[in-house]
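As a plain string of letters, each chain reads:
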Amino acid sequence: MRIRFSTARDLPVVDEDLAVQHGSVADMLVHPDTGKVEGFFVRIPGFFRSEQLFLSSSDIMHWGLRVVIRGPEALGPVEDRVRLQSLLEDGRVLLGQPILTDTGRALGRCADLQFDTVHFMVEWLWPRKLWRWGDPIPLSQVIEVRKDAILVRDPSVPVPEKEDVKPPLIERLPEAA
């Protein structure tokens, strides 16, 4: 299933037996080089303050109207995930970043992402400029994700196509005299 993150925000996170609701989806962590959704931050409500724990994408069993996880041990502080520390310190994010073309034209800010809930890969970026949504940009058009902007190929500039010169399937025989 493909879903936009704006509709996934605030989905309840429940146990495998659907008995206990642990919290709700608050934010997501995306690897800027590969587009893989590494996991989600889950807001745990509290009496005086709420807490955010991290949920890895590999611990999600089913995604529907609720996010079904293996159990409460799947949620934990993001500081405990050693593999993600370099990604968190890097500071390159997708949501909220300005989107620029390689020719320098501003397309807006990345206001939403569409991702696949089976493989947890980002597929589309949805830019927004002031109050208007822009045309969605496939992740294959992203050239580079920097700390200050997302650089994409300009969709209005045509890409020159290469002519495919195919060798003949059967070699020509010399003509008989």
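Here the residue index of a chain counts from 1 through its sequence in written order. Local features in this predicted model are restricted to residues whose pLDDT is 70 or higher, and side-chain atom pairs enter the listing and the counts only when it is 80 or higher, whereas totals over whole chains, interfaces and linings include all residues. The side-chain numbers reported here are obtained from all heavy atoms of the structure, hydrogens and water having been left aside.

### Here's the deal with the pattern of salt bridges
Test applied: When a carboxyl oxygen of Asp or Glu is within 4 Å of a side-chain nitrogen of Lys or Arg, the pair counts as a salt bridge.
By the definition in use, this model includes nine salt bridges. Salt-bridge contacts for D90 lead to R92; the nearest nitrogen and oxygen are separated by 2.5 Å. The structure contains a network of salt bridges with shared partners spanning D33, D90 and R92.

### A few points about the nonpolar core
Rules: Residues belong to one nonpolar core when they are buried, are Ala, Val, Leu, Ile, Met, Phe, Trp, Tyr or Cys, and are joined through side-chain atoms within 4.5 Å. Throughout this description, buried means an accessible area under 20% of the type-specific maximum (1.4 Å probe, protein chains only), exposed means over 50%, and partly exposed covers the range between. The contact definition used throughout considers only heavy atoms, calling two residues in contact when any of these lie within 4.5 Å.
F40, L55, W63, V67, F115, L125 and I150 are the most contacted members of the largest nonpolar core, which has 34 residues in total. For L55, the contacting residues outside a window of four places in its chain are V13, G39, F40, V42, I60, V67, I69, A74 and L75. Grouped together as the second largest cluster of nonpolar side chains are six residues, F41, F54, L84 and L87 included.

### A word on the side chain of S57
Operational definition: Where helices and strands are cited, they refer to DSSP runs of H or I of at least four residues and of E of at least two residues respectively, numbered from the N terminus.
Relative to the assigned elements, S57 resides in the loop between β5 (51–56) and β6 (60–63). Residue contacts for S57: discarding those within four places in its chain leaves K36, V37, E38, G39, F40 and F120.

### Focus on the environment of I3
Tracing the backbone shows I3 in strand β1 (residues 2–4). Considering only alpha carbons, one finds I3 and E123, 120 residues apart in sequence, at a separation of 9.8 Å. Setting aside anything within four residues of it in sequence, one finds I3 in contact with A8, W63, L113, Q114, F115 and T117.

### Quick notes on the layout of surface pockets
As a reminder of what qualifies: For cavity detection a 1 Å grid was placed over the protein atoms alone, and a set of points counts as a cavity when a 1.4 Å probe fits there but cannot get out; an open set counts as a pocket when protein lies on both sides within 12 Å along at least five of seven lines, with lining residues being those that have an atom within 4 Å of a point. Grid points are joined across faces, edges and corners, and a volume is the space filled by probe spheres set on the points. Three residue categories are used. Nonpolar comprises Ala, Val, Leu, Ile, Met, Phe, Trp, Tyr, Cys and Pro, charged comprises Asp, Glu, Lys and Arg, and polar comprises the others, including Gly.
Approximately 260 Å³ is the volume found for the largest pocket. Contributing to the lining of the largest pocket are 16 residues, with L107, P127, D135, I137 and P155 lying nearest its centre. Elements with a contribution of two residues or more to the lining of the largest pocket: β10 (106–116), β11 (122–129), β12 (132–133) and β13 (137–138). Classifying every residue of the lining of the largest pocket by side-chain character gives nine nonpolar, two polar and five charged.

### With respect to the sheet that holds strand β4 (residues 37–44)
Quick reminder of the rule: By definition, two strands form a pair when at least two bridges between them are found by DSSP.
Taken in spatial order, the seven strands make up an open sheet running β6-β7-β2-β3-β4-β5-β8, and their pairing is mixed. Lying at the two open borders of the sheet, with one neighbouring strand each, are β6 and β8 (75–76).

### Some points on the packing of aromatic side chains
Basically, it comes down to this: The criterion for an aromatic pair is that two Phe, Tyr or Trp rings (for Trp, the six-membered ring) have centres within 6.5 Å, with stacked assigned to planes under 30 degrees apart, edge-to-face to planes over 60 apart and tilted to the rest. The criterion is that NZ of a Lys, or CZ of an Arg, lies within 6 Å of the ring centre and within 35 degrees of the ring normal, and then a charge sits over that ring.
In this structure the tally under the stated criterion is six aromatic pairs. Note on F40 and W63: the rings are 5.1 Å apart at their centroids and 45° apart in plane angle, and the pair reads as tilted. Residue F40 is located in strand β4, and its partner W63 is located in strand β6; the two are separated by 23 residues in the primary sequence. Residue classification places F40 among the buried residues on the basis of a relative accessible area of 1%. Residues F41 and F54 carry aromatic rings whose centres are separated by 5.3 Å and whose planes lie at 70° to one another, so their mutual orientation is edge-to-face. In this pair, F41 is assigned in strand β4 and F54 in strand β5, connecting sequence segments 13 residues apart. The same class applies to F41 as to F54, namely buried. The ring of W126 is capped by R4, whose NZ or CZ atom sits 3.8 Å from the centre of that ring. Of note, R4 hangs over the ring of W133, and the distance from its end group to the ring centre comes to 5.1 Å.

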